[in-house]
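Report on the structure
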Amino acid sequence: MLPEIKGLNEECGVFGVWGHEDAAHITYYGLHSLQHRGQEGAGIVVTDRNKLKIHKGMGLVNDVFNEDILNNMQGTGAIGHVRYTTAGGSDFINCQPLQFNSQTGSLAIAHNGNLVNATALKRQLEYQGSIFQTTSDTEVIAHLIKRSGYPDIRDSVKNALTMVKGAYALAILVEDFMMVALDPNGLRPLSIGKLGDGYVVSSETCAFDIVGATFLREVQPGELILINDEGLHIETFSPSTKRTICSMEYVYFARPDSNVEEINVHAARKNLGKQLAIEAGIDADVVTGVPDSSISAAIGFAEESGIPYELGLIKNRYVGRTFIQPSQSLREQGVKMKLSAVRGVVEGKRVVMIDDSIVRGTTARRIVKLLREAGAKEVHVRISSPPIINPCYYGIDTSTKGELIAAEKSIEEIREEMGADSLAYLSVDGLMSGIGRPDTMENCGQCLACFTGTYPTEIYPATDHPYDKVLGGK
Ligand code: SF4
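Let me sum up the structure you'll find in this document. (Residues numbered from 1 in each chain as written. Predicted model: local features only at pLDDT ≥ 70, side-chain atom pairs only at ≥ 80, totals over all residues. Heavy atoms only, no water.)

Helix and strand content of the chain: 19 helices and 23 strands. Taken across its 474 residues, the chain has 59% of its residues classed as buried. Contacts in the chain between residues at least 24 apart in sequence constitute 70% of all its contacts with a sequence separation of at least 6. Accessible area of the chain: about 17,700 Å², with a carbon and sulfur share of 49%. (Helix = DSSP H or I, 4+ residues; strand = E, 2+ residues; numbered from the N terminus. Buried < 20%, exposed > 50% of the residue type's maximum accessible area, 1.4 Å probe, protein only. Contact = heavy atoms within 4.5 Å. Areas by Shrake-Rupley, 256 points an atom, 1.4 Å probe, with all protein chains shown as cover.)

What follows covers the sheet that holds strand 12 (residues 223-228). By definition, the strands of a sheet pair up through backbone hydrogen bonds, in either a parallel or an antiparallel sense. Read from one edge of the open sheet, 6 strands run 5-6-7-8-12-13, paired in antiparallel fashion. Unpaired on one side and paired on the other, strand 5 (98-102) and strand 13 (231-236) mark the two borders of the sheet. For this sheet, the mean inter-axis angle between neighbouring strands, taken without regard to orientation, is 20°. Here strand 7 (residues 169-174) runs beside strand 8 (residues 177-182); their pairing, made up of 6 bridges, is antiparallel. Bridged to leucine 170 within strand 8 is alanine 181. On top of the sheet, helix 6 (residues 138-148) reaches strand 5, strand 6 (105-112) and strand 7; it is set at about 145° to strand 6, its chief contact. Its contacts with the sheet put helix 7 (residues 153-161) on strand 6, strand 7, strand 8, strand 12 and strand 13, and the angle it makes with strand 8 is roughly 20°. (Pairing = 2+ DSSP bridges. Axes fitted to C-alpha atoms, helices over the stretch in contact; angles between N-to-C directions.)

On to the site of the ligand. Neighbouring the ligand are the residues Arg188, Cys246, Ser247, Met248, Cys392, Tyr394, Ile396, Cys447, Ala449 and Cys450. For the shell around the ligand, the elements supplying multiple residues, two or more each, are helix 9 (247-253) and helix 18 (449-452). (Near = heavy atom within 4 Å.)

To continue, consider the sheet that holds strand 2 (residues 41-47). Taking strand neighbours across the sheet as the criterion, the 7 strands line up as 3-2-4-1-10-9-11 in an open arrangement whose pairing is antiparallel. The open sheet has two edge strands, strand 3 (52-58) and strand 11 (214-218), and neither has a second partner. Between one strand axis and the next, the sheet turns through 15° on average, direction left out of account. Each of strand 1 (12-18), strand 2, strand 4 (77-83), strand 9 (191-195) and strand 10 (198-202) touches helix 2 (residues 23-33); the most contacted strand, strand 4, lies at about 25° to it.

Moving on, we get to the environment of arginine 415. Mapped onto the elements, arginine 415 comes out in helix 16 (residues 411-418). Arginine 415 sits 50 residues away from arginine 365 along the chain, and the two C-alpha atoms are 8.9 Å apart. If we ignore the near neighbours within four places in the chain, the residues touching arginine 415 are Ala420, Asp421, Ser422 and Leu423. A polar contact of 2.6 Å, which involves the side chain of arginine 415, links it to the backbone oxygen of alanine 420. (Polar contact = N/O pair within 3.5 Å; in protein donor to acceptor, adjacent residues only side chain to side chain.)

Formed by 44 residues in total, the largest nonpolar core has its most connected members in Met248, Val287, Ile354, Tyr394 and Leu431. One finds Leu125, Ile141, Ala142 and Val157 within the second-largest nonpolar core, a separate group that totals 29 residues. (Core = buried A, V, L, I, M, F, W, Y, C linked by side-chain atoms within 4.5 Å.)

Attention shifts here to the pairing of strand 8. Of all 6 residues making up strand 8, 6 are buried, and the element is well covered by its neighbours. Here strand 8 shows two buried faces, one formed by Phe177, Met179 and Ala181 and the other by Met178, Val180 and Leu182. Hairpin connection between strand 7 and strand 8: a loop of 2 residues separates the two successive antiparallel strands. Direction of pairing for strand 8 relative to strand 12: antiparallel, over a ladder of 4 bridges. Directly across from methionine 178, in strand 12, lies its bridge partner isoleucine 227.

In terms of burial, helix 2 is a largely internal element, 9 of the 11 residues being buried. All buried positions along helix 2 are accounted for by Ala23, Ala24, His25, Ile26, Thr27, Tyr28, Gly30, Leu31 and Ser33.

Here we take up the packing of helix 6 against helix 7. The packing of two helices is summarised by the inter-axis angle and the distance between the axes. In contact at an axis separation of 8 Å, helix 6 and helix 7 are set at 130° when each is read in the N-to-C sense. By the angle class used here, helix 6 and helix 7 are oblique. Between helix 6 and helix 7 the crossing geometry is right-handed. Between helix 6 and helix 7, the contacting residues are Ile141, Leu144, Ile145 and Ser148 on the first element and Ile153, Ser156, Val157, Asn159, Ala160 and Leu161 on the second. Of the residues in the contact of helix 6 with helix 7, the class split is 7 nonpolar, 3 polar and no charged. (Parallel < 35°, antiparallel > 145°, perpendicular 65-115°, else oblique. Left-handed = near helix turned anticlockwise from the far one by under 90°. Nonpolar A, V, L, I, M, F, W, Y, C, P; charged D, E, K, R; others polar.)

Now for unusual backbone geometry. Residue glutamine 96 is joined to proline 97 through a cis peptide bond whose omega torsion reads 0°. In this fold, proline 97 is placed in the loop between strand 4 and strand 5. In this structure, aspartate 292 follows proline 291 across a cis peptide bond, with omega equal to -5°. Along the chain, aspartate 292 falls in the loop between strand 17 (286-289) and helix 11 (295-305). Phi angles above zero are rare outside glycine, and glutamate 261 is one such case at about 50°. The residue glutamate 261 is located in the loop between strand 15 (259-260) and strand 16 (263-264) in this model.

As for its position among the elements, glutamate 175 is in the loop between strand 7 and strand 8. Despite its burial, glutamate 175 pairs with no opposite charge; the closest candidate is lysine 146, at 7.8 Å N-O. A polar contact of 3.0 Å, which involves the side chain of glutamate 175, links it to the backbone nitrogen of serine 106. When neighbours within four sequence positions are excluded, glutamate 175 is seen to be in contact with Trp18, Thr47, Arg49, Asn50, Lys51, Leu52, Gly105 and Ser106. (Lys, Arg positive; Asp, Glu negative; His and termini not counted. Salt bridge = Lys/Arg side-chain N within 4 Å of Asp/Glu carboxyl O.)

Written out as structure tokens, the structure is:
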């Protein structure tokens, strides 16, 4: 994944384990396989059944943890988090899991997604005396849980979750059990696996393979599941649920070896490429994909069109993370460092370049330029998702329309700006049929809001209130 040059960033990954004697190490490996979902911070909280112990920090999982740290985190239950910042600020203080201690016990929480009413809730809680330590919307959930005050924490969590709106896949750890919960729209994926006599939970199923777990079930929208030594205890907290999982999980965010609601992500992307070839075929010599997330779609396009797939672009995996270089000129330099066009493949050829999405357009423009500099005779850009014309409020960092080139310009204007010979996007219908979710729900039970503007929840536009400028992401 190349989040820093795509301009479209994942929002976080959560992982948890219950009933394993080396919960911290298992969580470390799980987080490693979710690293593509967030590279700015990582953390693990472990329980030895008496107390919680936390370690977290800025950077990659490997930067934050080492053998000594993990050996010092003894326990049989743990939750972990990898974080990408949206609007909440990228300070250490916002790293997750967040841990809270009180006289009645401790609680740690890891959250993937974004609440849409966090600002209003936070304002209300502060008027009532709450003091917040972070600018993360996740802390709002913790305050609501603690304030609910039911004798059984499950009831407090359920009560809190009836107040928050938006996207949340949660892992919550207390001393003697773990809980997971998913918002009533199920906007983000969250699965449970079996590991020996214990359980693991993960934003993506790819983490199960790494730790030797087997897939058990997806957490369903509106479910709160308590996991302890006796097994899973499933409850619901919302009377009305309707799955609208994020389509971009299939298009771009999730790893190709993950299954999202039993659909393999690589297979879905390949189908999107096939569908794109049907909708927007072109006479050309080679098909290439922007690594890594567009390779599957490029293979599908090649298969359907009969044009050979070639490795026309390669990624240099060992350069530094360019997102710590914020200026445009450095970002441009970063693209060149990260991607190279293979002259031997593209020189003198009519190239179809498959990309999974266009956000600001700068990346695609640079890649077209790279291909031309390497001698491509023609460059035809094909995008395996529809134009992104609306912001996402559920944790993806496209928070204003002004950042979205397709919201501002026509396809012809974008083509001209990127210097391509032709440009075409996949249709919304093509996206749905390519992903292939069962057609039993309107829009196949998936969020399409950034393409269509139809949001699955209420949204609360930002105001001039100072909170709105700092709250809203992790
Ligand atoms: S608006 Fe787009 S990116 Fe956001 S959850 Fe919906 S489909 Fe995913």
